[in-house]
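Now for the letters of each chain:
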Amino acid sequence: MSYRDIKKVVLDRIETQIWAPDSLLPSETELAEEFSSTRTTVNRALRELAEEGYLERKRKAGTRVLNAPIRKAQFSIPLVRDEITATGASYRYALVERSLIPAPAWISARLELRPEQKLMHVRCMHYADNAPYQYETRWIVPDSVPEVLDADFTEFSPNDWLVKKVPFTNLELSVMATKADQIVSEFLEAPIGDPIFTAERITWLRGTPVTLAKLFFAPGYKMTTHL
């Protein structure tokens, strides 16, 4: 059996309480024999179920079923174009500005950068059926991503480019309501002072900061998360 098949069987036994909450599972050796598989394959299946919040694994203590499964959100950075086309709307992108500038003090503090370290600053717009969808302002760290110095972002957004080019190992996501200032008001066609759904996203690659993005969504935007 593949590790996916084993995961499915184990999860079914947990949900039907063949293996009740707080009970110990058979050893990996016993499960490998039952499923005609290897311990490595069983280990991967159990490890993923532990990461998903169904099991608790302790060295020398075995694997047990959690009393209350912890549901964890699995996060991947979405492509804005995919979000828009998934609604049936046509996608359009426009570069507003691209420049290499010294890092603002507040970003240096957030990302623990050197004083006056240079960042690639990109501002752009995303449209759905030619209506404003998202205004994006982003700072990318060239020391972490040297290739960004050759990217012009006239045809492809930094969102497209980073998702395809640069992996991330850690992510911080904050969502909030902010008031539309003059710039946001003009780009999103919203009255100044209106509440705007805003997301701030920071990614790192093995402890090194890659990018900080602030995303402002047009009025009416809704975020849905499935757990």
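Computed from a prediction, not measured in an experiment: that's the story for all the values here. (Residues numbered from 1 in each chain as written. Predicted model: local features only at pLDDT ≥ 70, side-chain atom pairs only at ≥ 80, totals over all residues. Heavy atoms only, no water.)

### Concerning the overall build of the protein
Thought 1: Counting its secondary structure elements, the protein contains seven helices and eight strands.
Thought 2: The C-alpha radius of gyration computed for the protein amounts to 23 Å, which surpasses the reference 17 Å derived for 227 residues by more than 25%, pointing to a less compact arrangement than a globule.
Thought 3: With respect to the three principal axes, the spread of C-alpha positions in the protein is 65 × 40 × 30 Å.
Thought 4: Relative to its full complement of 227 residues, the protein shows a buried share of 41%.
Thought 5: The long-range fraction of contacts in the protein, counting pairs at least 24 apart against all pairs at least 6 apart in sequence, stands at 58%. (Helix = DSSP H or I, 4+ residues; strand = E, 2+ residues; numbered from the N terminus. Rg over C-alpha atoms; globule rule 2.2 N^0.38 Å. Buried < 20%, exposed > 50% of the residue type's maximum accessible area, 1.4 Å probe, protein only. Contact = heavy atoms within 4.5 Å.)

### Some words on helix α1 (residues 3-15)
Thought 1: Its 13 residues place the ends of α1 18 Å apart at the C-alpha level, agreeing with the 18 Å of an ideal helix rising 1.5 Å per residue.
Thought 2: Listing the buried residues of α1 in full gives Y3, I6, K7, V10, R13 and I14. Along the axis of α1, the buried residues cluster in a sector spanning 130°; they form a single face. Opposite the buried face of α1, by more than 90 degrees, sit the exposed residues R4, K8 and E15.
Thought 3: With its phi angle positive at about 60°, Q17 sits one or two positions after the end of α1. (Expected span 1.5 Å × (residues − 1). Arc of directions from axis to C-beta.)

### Concerning the layout of surface pockets
Thought 1: One number sums up the size of the second largest pocket: a volume of about 170 Å³.
Thought 2: Lining the second largest pocket are 13 residues, and of these E28, R57, K58, G62 and T63 sit closest to its centre.
Thought 3: Going through the elements one at a time, α3 (39-51), β1 (55-58) and β2 (62-65) are the ones with two or more residues in the lining of the second largest pocket.
Thought 4: Split into classes, the residues belonging to the lining of the second largest pocket amount to four nonpolar, three polar and six charged. (1 Å grid on protein atoms, 1.4 Å probe; cavity = no way out; pocket = protein on both sides within 12 Å on 5 of 7 lines; lining within 4 Å. Points joined across faces, edges and corners; volume = space filled by probe spheres on them. Nonpolar A, V, L, I, M, F, W, Y, C, P; charged D, E, K, R; others polar.)

### Looking at the nonpolar core
Thought 1: In terms of nonpolar packing, the biggest core is built from 24 residues, with I84, I140, V145, V148, F153 and W161 touching the most fellow members.
Thought 2: Of all the secondary-structure elements, those providing two or more residues to this core are α4 (80-86), β3 (91-102), β4 (118-128), β5 (131-140), α6 (158-165), β7 (195-205) and β8 (208-217).
Thought 3: Residues within four places of V148 in sequence aside, it is in contact with R98, M120, I140, P142, F153 and W161.
Thought 4: V10, L25, L31 and Y54 belong to the second largest nonpolar core, which has 16 residues in total. (Core = buried A, V, L, I, M, F, W, Y, C linked by side-chain atoms within 4.5 Å.)

### Details of the side chain of T63
Thought 1: Positionally, T63 belongs in strand β2.
Thought 2: Within the structure, the side chain of T63 is placed 3.2 Å from the side chain of R57, a separation counted as a polar contact.
Thought 3: Ignoring any residue separated from it by four or fewer positions in sequence, one finds T63 in contact with S23, L24, L25, L46, L55, E56 and R57. (Polar contact = N/O pair within 3.5 Å; in protein donor to acceptor, adjacent residues only side chain to side chain.)

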